[in-house]
Amino acid sequence: MQTNEVVALTSFLLDDAEPVGSALWKELRNSTGDVVEWSQKHLSEVDAERVAQLLSRIDPIDAALAELSKNDICVISEFDDDYPQRWIETLGARRPPLLFAAGNLSLLNSRSFGIVGSRGVDESGAEFATAAARVVVEQGYVVVSGGARGVDQLSMRAALESDGESIAFLADSLGKAVGASRDALESGRVCMACAVSPFAGFSVGSAMNRNKLIYGHSVATLVVSSAFGSGGTWAGAEEALKHRYCQLIVRDGEDVPEGNRELIRKGTVAVRDPREIVAAIDVPAPGFLF
């Protein structure tokens, strides 16, 4: 195990370990050679001591990893080949240092298409999400979602029913989800992953941070249904637009929510029919209007 990995893992696996923090981790990403020596030369005395303390905890880290393995959950750091390489380009320093994952890990470096939307999606939105998943699966894309009820689960189910593959980037409770999804995970066509502890409960912050994982992983992402000005779907789409994580496609039509219309106004690509999605992936966005 590389020493940088130990620093990353201790932030998530030990209940009594305080997180290393994103600012410090950005510095440690640049370290070379012996991390303790590097820290003493380039970091403050407090940060250097913190790094040394974390590095001394490899034994409990190994025990925690073994316990996760019993539950078919593995830990992937950004130093591993299975880590989503696309995130290095799209998310840059915003990428998580590690993932907890279960299922087919090779999907984490697949050509993927994101489908997101409200939990309480209406009937027309549900039909659109299902049809969209089938369309992109036919084109060889892996469907990426957040695993929540509504649009996420509808698109994931449609992908699998069409003999496709799916990734769910969860905001919390990976351990519970793995236990409830054994058949899907054992099929080899599903991967579930989470950037927080597999046993962490829901938090708004984790849900918001999860959004960028979907957009950053996908060649393009379809917003099926979004409220205007509030909610995770709206916040995630705005962040994706601001940082240009991927091509953003939004469902249009007479009965779409106001949030969809506003996202189209901001410069996304509008589609009225799921069959337009594949062509829309390569359409230049009309502009970013903030």
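For the structure, check the block above.
Residues numbered from 1 in each chain as written. Predicted model: local features only at pLDDT ≥ 70, side-chain atom pairs only at ≥ 80, totals over all residues. Heavy atoms only, no water.

Participant: Describe the pattern of salt bridges, listing the residues and the values that go with them.
Facilitator: Evaluation of the coordinates by the stated rule reveals eight salt bridges. The residue Arg-275 makes a salt bridge to Asp-273 at a minimum N-O spacing of 2.7 Å. Residue classification places Asp-273 among the partly exposed positions, given a relative accessible area of 21%. (Salt bridge = Lys/Arg side-chain N within 4 Å of Asp/Glu carboxyl O. Buried < 20%, exposed > 50% of the residue type's maximum accessible area, 1.4 Å probe, protein only.)

Participant: Please set out the packing of aromatic side chains residue by residue, giving values where relevant.
Facilitator: Scanning all chains against the criterion turns up five aromatic pairs. Centre to centre, the rings of Trp-87 and Phe-169 are 5.3 Å apart; their planes meet at 45°, and the pair counts as tilted. Note that Trp-87 is positioned in helix H6 (residues 85-90) and Phe-169 in strand S5 (residues 166-170), a separation of 82 residues in sequence. Side by side, Trp-87 and Phe-169 carry an identical accessibility label, which is buried. Every member of this aromatic cluster is reached through a ring pair, and the members are Tyr-83, Trp-87 and Phe-169. A cation sits over an aromatic face here: Arg-111 above Tyr-141, 4.0 Å from the ring centre. Sitting over the ring of Phe-128, Arg-251 keeps its end group 5.9 Å from the ring centre. (Phe/Tyr/Trp six-rings, centres within 6.5 Å; stacked < 30°, edge-to-face > 60°. Helix = DSSP H or I, 4+ residues; strand = E, 2+ residues; numbered from the N terminus. Lys NZ or Arg CZ within 6 Å of the ring centre and 35° of its normal.)

Participant: Give me the environment of Leu-54: which residues, what numbers.
Facilitator: By the element assignment, Leu-54 lies in helix H4 (residues 45-55). Here Leu-54 falls in the buried class, since its relative accessible area comes to 0%.

Participant: So what's going on with the sheet that holds S5? Which residues, and what values?
Facilitator: Overall, mixed pairing links the nine strands, which are arranged S1-S2-S6-S5-S4-S3-S7-S8-S9 in an open sheet. A strand with exactly one partner marks an edge of an open sheet, and here the two such strands are strand S1 (74-77) and strand S9 (269-271). Between one strand axis and the next, the sheet turns by 25° as a mean value, whatever way the strands run. Across five bridges, S5 lies against strand S6 (residues 190-194) in parallel orientation. Considered in S6, the bridge of Ser-166 is made with Val-190. Sheet strands touched by helix H11 (residues 204-217): strand S3 (112-116), strand S4 (142-145), S5, strand S7 (220-223) and strand S8 (247-251). Its angle to S5, the strand with the most contacts, is close to 155°. Set on the sheet, helix H13 (residues 258-266) makes contact with S7, S8 and S9; between it and S8 the angle comes to about 140°. (Pairing = 2+ DSSP bridges. Axes fitted to C-alpha atoms, helices over the stretch in contact; angles between N-to-C directions. Contact = heavy atoms within 4.5 Å.)

Participant: Report on the nonpolar core, specifying residues and quantitative values.
Facilitator: In this structure, Ile-167, Phe-169, Tyr-215 and Val-223 are the most contacted members of the largest nonpolar core, which totals 30 residues. Per-element accounting of this core gives the leading share, four residues, to helix H12 (residues 232-243). Sequence-distant contacts of Ile-167, defined by excluding residues within four places in its chain, comprise Leu-107, Leu-108, Ser-110, Val-142, Val-143, Val-144, Ser-145, Cys-191 and His-217. The next biggest cluster of nonpolar side chains, apart from the first, holds 24 residues, and it includes Phe-113, Val-121, Phe-128 and Val-136. (Core = buried A, V, L, I, M, F, W, Y, C linked by side-chain atoms within 4.5 Å.)

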